[in-house]
Amino acid sequence: MTAKKPMLMMPLMLVTATVALSAIAAIREPDGLFAFLAAMILLPLAWTVIELRNRGRDHDERWRDDMGSIRWSISAAAVMMIIPLGMTLAISYELTENLGDNLEQRVMGVIFGIIFLFYGNASSKRPVSLTSTKTEPARMQAHTRFAGRVFVITALAYTLIWTFAPIDYALPAAMIILFSGVALAVLNMLRLRGK
Amino acid sequence: MSQVFKALSDPTRRRVLELLREKPMSAGEIAAEFDVSKPTMSAHFAVLREADLVDATKVGKSVIYRIKLSVLEDALLGFAQVFGLGQNDKTPDQEDV
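Now for a description of the structure that goes with this document. Nothing here was measured: the structure is a model prediction, and the numbers come from that model.

### A word on the overall build of chain A
Here is step 1 of the chain: When helices and strands are tallied, chain A shows 6 helices and 0 strands.
Here is step 2 of the chain: Here chain A, with 195 residues, has 34% of them falling under the buried criterion.
Here is step 3 of the chain: Here the analysis covers contacts within chain A between residues at least 6 apart in sequence; of these, 74% occur between residues at least 24 apart.
Here is step 4 of the chain: On chain A, roughly 11500 Å² of surface is accessible, and the fraction owed to carbon and sulfur atoms is 68%.

### Quick word on the pattern of salt bridges
Here is step 1 of the chain: All chains considered together, the criterion is met by 8 salt bridges over all chains.
Here is step 2 of the chain: Among the ionic pairs, Glu18(B) bridges to Arg15(B), the shortest N-O distance being 3.6 Å. With Glu18(B) and Arg15(B) both in helix H2 (residues 11–22) and 3 residues apart, the pair spans about one turn of that helix.
Here is step 3 of the chain: When its relative accessible area of 23% is taken as the criterion, Glu18(B) is described as partly exposed.
Here is step 4 of the chain: Among the ionic contacts, a cluster of salt bridges with common partners joins Arg145(A), Arg21(B) and Asp74(B).

### Topic: helix H1 (residues 9–28) of chain A
All names here are of chain A.
Here is step 1 of the chain: With 20 residues, H1 ought to run about 28 Å at 1.5 Å a step, and its terminal C-alpha atoms sit 28 Å apart, in line with that.
Here is step 2 of the chain: Inspection of H1 places Pro11, Leu14, Val15, Thr18, Ser22, Ala25 and Ala26 among the buried residues, and these make up the whole buried set. Taken around the axis of H1, the buried residues stretch over an arc of 105 degrees, which confines them to a single face. For H1, the exposed residues lying more than 90 degrees away from the buried face are Met9, Met13 and Ile27.
Here is step 3 of the chain: Among the structural elements, helix H2 (33–53) and helix H3 (61–92) are those in contact with the buried residues of H1.

### Structural notes on the packing of aromatic side chains
Here is step 1 of the chain: By the definition in use, this model includes 5 aromatic pairs over all chains.
Here is step 2 of the chain: Taking 6.0 Å as the distance between ring centres and 40 degrees as the angle between the ring planes, the aromatic pair formed by Tyr119(A) and Phe151(A) counts as tilted. Taken as a pair, Tyr119(A) in helix H4 (residues 103–123) and Phe151(A) in helix H5 (residues 137–164) lie far apart in primary sequence, 32 residues in all.
Here is step 3 of the chain: Arranged with centres 6.2 Å apart and planes meeting at 10 degrees, the rings of Phe79(B) and Phe83(B) form a pair that is stacked.
Here is step 4 of the chain: Ring pairing ties together the aromatic residues Trp72(A), Phe116(A), Tyr119(A) and Phe151(A), which thus form one cluster.

### Looking at the pairing of strand E2 (residues 54–59) of chain B
Residue and element names in this part refer to chain B.
Here is step 1 of the chain: Note: E2 against strand E3 (residues 62–67), 6 bridges, orientation antiparallel. For Val59, the partnering residue across the bridge sits in E3 and is Ser62.
Here is step 2 of the chain: With antiparallel pairing between neighbouring strands as the criterion, E2 and E3 make up a hairpin whose turn holds 2 residues, including Gly60 at a positive phi of roughly 65 degrees.

### Quick notes on unusual backbone geometry
Most peptide bonds take the trans form, and the phi angle of most residues other than glycine is negative.
Here is step 1 of the chain: One non-glycine residue with positive phi stands out, namely Asp52(B), at about 60 degrees.
Here is step 2 of the chain: Relative to the elements of secondary structure, Asp52(B) occurs in the loop between helix H4 (38–50) and E2.

### Structural notes on the sheet that holds E2(B)
Residues and elements named next belong to chain B.
Here is step 1 of the chain: Read from one edge to the other, the open sheet built from 3 strands follows the order E1-E3-E2, with strand pairing classed as antiparallel. Whereas interior strands pair on both sides, the edge strands pair on one side only; in this sheet they are strand E1 (25–26) and E2.
Here is step 2 of the chain: Sitting on the sheet, H2 touches E1, E2 and E3, and the angle it makes with E3 is about 90 degrees.

### Description of the side chain of Arg145(A)
Here is step 1 of the chain: Checked against the element boundaries, Arg145(A) lands in helix H5.
Here is step 2 of the chain: Filtering out sequence-adjacent residues up to four positions away, Arg145(A) remains in contact with Ser124(A), Arg21(B) and Asp74(B).

### Digging into the environment of Ala7(B)
Residues and elements named next belong to chain B.
Here is step 1 of the chain: Position of Ala7 among the secondary structure elements: in helix H1 (residues 2–8).
Here is step 2 of the chain: Here Ala7 falls in the buried class, since its relative accessible area comes to 0%.
Here is step 3 of the chain: For Ala7 and Asp52, which are 45 residues apart along the polypeptide, the C-alpha to C-alpha distance reads 9.6 Å.
Here is step 4 of the chain: Apart from residues lying up to four places away in sequence, Ala7 is in contact with Arg13, Val47, Leu48, Ala51 and Leu53.

Reading guide: rules and limits
Residues numbered from 1 in each chain as written. Chains lettered and ligands numbered in written order. Predicted model: local features only at pLDDT ≥ 70, side-chain atom pairs only at ≥ 80, totals over all residues. Heavy atoms only, no water. Helix = DSSP H or I, 4+ residues; strand = E, 2+ residues; numbered from the N terminus. Buried < 20%, exposed > 50% of the residue type's maximum accessible area, 1.4 Å probe, protein only. Contact = heavy atoms within 4.5 Å. Areas by Shrake-Rupley, 256 points an atom, 1.4 Å probe, with all protein chains shown as cover. Salt bridge = Lys/Arg side-chain N within 4 Å of Asp/Glu carboxyl O. Expected span 1.5 Å × (residues − 1). Arc of directions from axis to C-beta. Phe/Tyr/Trp six-rings, centres within 6.5 Å; stacked < 30°, edge-to-face > 60°. Pairing = 2+ DSSP bridges. Axes fitted to C-alpha atoms, helices over the stretch in contact; angles between N-to-C directions.

So this is what it looks like as structure tokens:
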């Protein structure tokens, strides 16, 4: 009957992978040393600070909701860092030499689209908080469902653009679609809060 | 995924999910919407929990149910409603819960 414990292993593995890839990239590409060091430190630091701030709290329903949400976000952020780091290393090790012009760019776009698709699909899966004081659960739930659907449609369009659109138009078109989707979700949230 | 299809194949469970799509509800509030026995309703809740489509949290003396549908599961629920899947399904106590 009680809610599941917030996941720990998955964010831990993903953050470890981010640190490892950043470290390798820093060694392989000394020109970008500071950027890779920042990538290496950012997530572990942010996660540690958040965990320490929440250490004294009771492990109640609200804590489980909050920590589940935070760790899920940490995992998503780690995946978003692992992909460009992985691509950087693939280029650095000359694994992408045989790919055609702009293919790296398209592959990155499609991968981001697919991640966004998974995120959008799963975003409405999280149950709304019963203890939130800002928005009543019914409104929050309506917003979460709407945002999930908008994100899935946006992600599908984003992926299709990066797959089929001429490369010169792909980036601006994908950005317009992405920002429109996010803006729509934000506007809907503001509309529901204002009611 | 088969648990999701099983959960969505029953009209009563789909109606429960439809109610929960509007807002989180207590077990009593949901049960009041149906003309079925308490054990049957409990069995329906168990199938939905097993499929990870709802979350049950004890708040005080009542159990509050919250929906947990991904966009894909939400779409599947819509399809199941439109095409009226499992209209003549067994009651949950007859199923392999």
